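# Coordinates in review
So you can see what is in the structure, the chains are spelled out below.
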Amino acid sequence: MFIEERHRMILQQLEKNGSITTNDITGQYNVSYETAKRDLRILDEKGLLKRTHGGAIPLHQVAFGRPPGETIKDMTSIKENYYQIALKAVTMIADNDVIYLSPATVCYFMAQNMPKDKRIRVVTNSIIIAEELRPRENISVILLGGEMDHKGNCYDSIAVETIKRLRFDKSFITSAFISAEFGLSIQKTIAISFYEAIVASSKKVIGLYPKEKIGFDSVVSICPAEKLNIMITDWDAAETDLAAFEEKGIDVIMVEKNEDGEQD
């Protein structure tokens, strides 16, 4: 097989599956590990993909985001890296903490795995996360109100004014993308004031960022990356990207892959 044909097939597989590993390439195309790494380096230099620690992910368009109408409960299969990041984040919650949870899939996984032996007050602008937590006797929920969008979230001035009256021990946030240069970024300007208020009201800001969100920029910057105290990411995040965040004083935590393939 010519190298050009292999590269074309690698890109096709990447488009289909959303990621590819060096082990995938060595196994499917009968090449060495070094050849697989070189293939990904060449395609990365051509601007056709983005290399990660153990493989590659597609390049995203600037305005990339969740499809219209899709909510945080609509992920058809659990992405292991999202799930493991959520489990790690939950371990950082202390008894009697007041926390904020973003309206995001990784935070929905947190809501599903909240500790049962701690008293926690959760603030959220997601009706879906609030409903997930509603039956839990050890958790009280403050649902930020205002005009709700079609995904069940509130970002308007009513929610912002409520946030300004609150203080959080820890805020668990994410965004469409994050980069060391552009910071945390999203698609719509409506949420800028909302997230500025969250950061200002938080003693500690913890960013939850799977590899798919790191090193890219969306349309609107919420805040600089250094507003995060901690970033939790996964085992495949690119080391060069993480080093740039560490240089800004962010404590980067990489979760490990669950090798047995089962959720804890």
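Note: the structure precedes this text.
Residues numbered from 1 in each chain as written. Predicted model: local features only at pLDDT ≥ 70, side-chain atom pairs only at ≥ 80, totals over all residues. Heavy atoms only, no water.

### Here's the deal with the sheet that holds strand β8 (residues 177–179)
Our working rule: Here, any two strands with at least 2 DSSP bridges between them count as paired. Each helix is a run of H or I in the DSSP string that is no shorter than four residues. Each strand is a run of E no shorter than two, and both are numbered from the N terminus. Lines fitted to C-alpha atoms define the axes here, with helix axes fitted over just the stretch in contact, and angles between the N-to-C directions of these axes take values from 0 to 180 degrees.
The antiparallel open sheet is built from three strands, whose spatial order is β8-β9-β11. Sheet topology places β8 and β11 (220–223) at the edges, where each strand pairs with a single neighbour. Each adjacent strand pair in this sheet contributes to an overall mean axis angle of 40 degrees, direction not counted. Strand direction decides the pairing type here: strand β9 (residues 183–186) and β11, joined by three bridges, are antiparallel. Across the sheet, L184 pairs through a bridge with C223, a residue of β11.

### Here's the deal with the pattern of salt bridges
Counted only if it meets this: When a carboxyl oxygen of Asp or Glu is within 4 Å of a side-chain nitrogen of Lys or Arg, the pair counts as a salt bridge. The rule is simple: take the accessible area with a 1.4 Å probe, protein chains only, and divide by the maximum for that residue type; under 20% is buried, over 50% is exposed, in between is partly exposed.
For the structure on display, the rule yields eight salt bridges. Of the charged contacts in the structure, one is a salt bridge between K164 and E161, with a shortest N-O distance of 3.4 Å. In this structure E161 comes out as partly exposed when scored by relative accessible area, which is 44%. The residue D169 makes a salt bridge to K203 at a minimum N-O spacing of 3.5 Å. Here the residue D169 occupies a position in the loop between α7 (157–163) and β7 (170–173), and K203 occupies one in the loop between α8 (192–200) and β10 (205–208), the gap between them amounting to 34 residues. Since its relative accessible area comes to 23%, D169 is described here as partly exposed.

### Quick word on the packing of aromatic side chains
The criterion, for reference: Centre distance within 6.5 Å is the pairing criterion for rings of Phe, Tyr and Trp, where only the six-membered ring of Trp is used; planes under 30 degrees apart are then read as stacked, over 60 as edge-to-face, and the remainder as tilted. Lysine and arginine charges are scored as sitting over a ring when NZ or CZ, respectively, is within 6 Å of the ring centre and within 35 degrees of the ring normal.
What the rule picks out here adds up to seven aromatic pairs. Aromatic pair F194 and Y195: ring centres 5.3 Å apart, planes at 80 degrees, arrangement edge-to-face. Its relative accessible area of 6% is what places Y195 among the buried residues. The positively charged end of K50 is found above the aromatic ring belonging to F216, 5.6 Å away from the centroid.

### Notes on the layout of surface pockets
The criterion, for reference: A 1.4 Å probe that fits into a set of points on a 1 Å grid over the protein atoms alone but cannot get out defines a cavity; an open set with protein on both sides within 12 Å along at least five of seven lines defines a pocket, and lining residues are those with an atom within 4 Å of a point. Grid points are joined across faces, edges and corners, and a volume is the space filled by probe spheres set on the points. Note on residue classes: Ala, Val, Leu, Ile, Met, Phe, Trp, Tyr, Cys and Pro are nonpolar, Asp, Glu, Lys and Arg are charged, and everything else, Gly too, is polar.
By volume, the second largest pocket is sized at about 260 Å³. Looking at the second largest pocket, it is lined by 14 residues, and the ones nearest its centre are R51, T52, H53, G54 and G55. Looking at the lining of the second largest pocket, the elements that each hand over two or more residues are α3 (33–45), β2 (50–51) and α9 (239–247). Grouping the constituent residues of the lining of the second largest pocket by class yields three nonpolar, six polar and five charged.

### Re the side chain of D97
As a reminder, the rule being used: Pairing of N or O atoms within 3.5 Å defines a polar contact, subject to two protein rules: one partner must be a possible hydrogen donor and the other a possible acceptor, and residues neighboring in sequence count only if both atoms are side-chain atoms.
Among the secondary structure elements, D97 is positioned in the loop between α4 (80–90) and β4 (98–101). Of the polar contacts made by the side chain of D97, one reaches the backbone nitrogen of A94; its length is 2.8 Å.

### Re empty space enclosed by the protein
Empty space left among the atoms is revealed by rolling a probe the size of a water molecule over them. Throughout the structure, instances matching the rule amount to one cavity of 30 Å³ or more. Considered as a void within the structure, the largest cavity measures approximately 30 Å³ in volume. Considered class by class, the residues forming the lining of the largest cavity number three nonpolar, one polar and four charged.

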